[in-house]
Amino acid sequence: MHRQISLIADLYFKLIIFWCFASVFLVNSNILWYPYESMTDTFENFLNDITACFVEPNFDLWRSRLILPFSIVMKDGTMVLSDIDEVKRNFDLYLRAVEIMKPDVIDRSIVSFEHCDDGSILGTFRTRVVRDGILVIEPYAGTALLRRIDGRLQMSSLLNARGHHEWTGVRGH
């Protein structure tokens, strides 16, 4: 009987170690799985959408991922988009920047995903923009302030955004 208890305790300990390892591995592999929460939408889906909307282009997809007012925090200032018209004008400027850069690949990879005590989520990601196998700009990290609304991740603020003004020459929206 003592041996059986020892084997069960040993198995339980190994299971805990495996769980800790698997959790780190799964997050580092961009696969986010939270056993305590049923998620209909993942951070990876969110990143795919906020990338695809500028490649396709698809304003409705972009708008579906935002909460208004939407703030964009860049190194040279903050821009707040309060209504749909401002969001559309700003989206069109980003499309112009994409046309100028002519990227073959825009990809975003997960850096971190953190639930905050107030119910918000901080999702940090790294963006790469590549044309003809060469980086158009240095990869950069950005952080989205997110909320889950009706099972879908939506962003109210984007921190460390790159901005379009470098390519469009237009400041603001």
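Below you will find a few notes about this structure.

**Some remarks on the overall build of the chain**
Okay, so step 1: Looking only at helices and strands, the chain features 5 helices and 6 strands.
Okay, so step 2: Counting all 173 residues of the chain, 36% fall into the buried class.
Okay, so step 3: In the chain, 55% of the contacts between residues at least 6 apart in sequence involve partners at least 24 apart.
Okay, so step 4: Summed over all atoms, the accessible surface of the chain reaches about 10,500 Å², with 58% contributed by carbon and sulfur.

**A few points about the nonpolar core**
As a rule of thumb, nonpolar side chains are buried together in soluble globular proteins.
Okay, so step 1: Core analysis: the biggest nonpolar cluster contains 29 residues, and Phe43, Phe46, Trp62, Phe70, Leu146 and Met155 have the highest contact counts within it.
Okay, so step 2: Ranked by residues supplied to this core, first place goes to helix α2 (residues 43-55) with 6 residues.
Okay, so step 3: Not counting residues within four places of it along the chain, the set of residues in contact with Trp62 comprises Ile50, Cys53, Phe54, Phe70, Val87, Phe91 and Met155.
Okay, so step 4: Membership of the second largest hydrophobic core comes to 6 residues, among which are Ala97, Met101, Ile106 and Tyr140.

**Some thoughts on the side chain of Glu86**
Okay, so step 1: Its place among the elements puts Glu86 in helix α4 (residues 84-101).
Okay, so step 2: Buried Glu86, no salt bridge; nearest opposite-charge side chain is Arg89, N-O distance 4.6 Å.
Okay, so step 3: A polar contact is formed between the side chain of Glu86 and the backbone nitrogen of Ser82, at a distance of 2.5 Å.

**Quick notes on the packing of aromatic side chains**
Okay, so step 1: Inspection of the entire model under this criterion finds 8 aromatic pairs.
Okay, so step 2: Judged by centre distance (5.4 Å) and plane angle (70°), the rings of Phe59 and Phe91 are edge-to-face. Of this pair, Phe59 sits in helix α3 (residues 59-64) while Phe91 sits in helix α4, and the two are 32 residues apart along the sequence.
Okay, so step 3: When its relative accessible area of 16% is taken as the criterion, Phe59 is described as buried.

**Section: the sheet that holds strand β1 (residues 66-74)**
Okay, so step 1: In space, the 6 strands of this open sheet follow the order β2-β1-β6-β5-β4-β3, with mixed pairing throughout. Edge positions in the sheet fall to β2 (77-81) and β3 (105-115), since each has one partner strand and no second. Strand after strand, the sheet turns through a mean of 30° between neighbouring axes, direction not considered.
Okay, so step 2: As paired elements, strand β4 (residues 121-131) and strand β5 (residues 134-149) share 10 bridges and run antiparallel to each other. If you follow Val129 over to β5, its bridge partner there is Ile137.

About the criteria used
- Along each chain, residue indices are assigned from 1 in the same order as the chain's sequence is written.
- Whole-chain, interface and lining totals are the exception, using all residues; otherwise, since this is a predicted model, local features are given only for residues with pLDDT of at least 70 and side-chain atom pairs are given and counted only at 80 or more.
- As a rule here, side-chain values come from all non-hydrogen atoms in the structure, and water together with hydrogens is ignored.
- Secondary structure elements are taken from DSSP: a helix is a run of H or I of four residues or more, a strand is a run of E of two residues or more, and numbering for both begins at the N terminus.
- Per-residue accessibility, obtained with a 1.4 Å probe over protein chains only, is compared with the maximum for each type, and a residue is labelled buried under 20%, exposed over 50%, and partly exposed between these values.
- Throughout, a residue-residue contact means that at least one pair of heavy atoms, one from each residue, lies within 4.5 Å.
- To be clear on the numbers: accessible area is Shrake-Rupley with a 1.4 Å probe, and residue cover counts the displayed protein chains and nothing else.
- Only buried Ala, Val, Leu, Ile, Met, Phe, Trp, Tyr and Cys residues count toward a nonpolar core, and they belong to the same one when joined by side-chain atoms within 4.5 Å.
- Neither His nor the chain ends contribute to the count of charged residues, in which Lys and Arg are positive and Asp and Glu negative.
- The term salt bridge refers to a pairing of a side-chain nitrogen on Lys or Arg with a carboxyl oxygen on Asp or Glu at a separation within 4 Å.
- For the purposes of these results, a polar contact is taken to be a pair of N or O atoms within 3.5 Å, where, inside protein, one atom must be able to donate a hydrogen and its partner to accept one; residues adjacent in sequence count only when each atom of the pair is a side-chain atom.
- Ring pairs shown here join Phe, Tyr and Trp side chains whose ring centres sit within 6.5 Å, with only the six-membered ring taken for Trp; geometry is labelled stacked below 30 degrees between planes, edge-to-face above 60, and tilted in between.
- What makes two strands pair is DSSP finding at least two bridges between them.
- Note on geometry: axes are lines fitted to C-alpha atoms, helical ones only across the stretch in contact, with angles between N-to-C directions running from 0 to 180 degrees.

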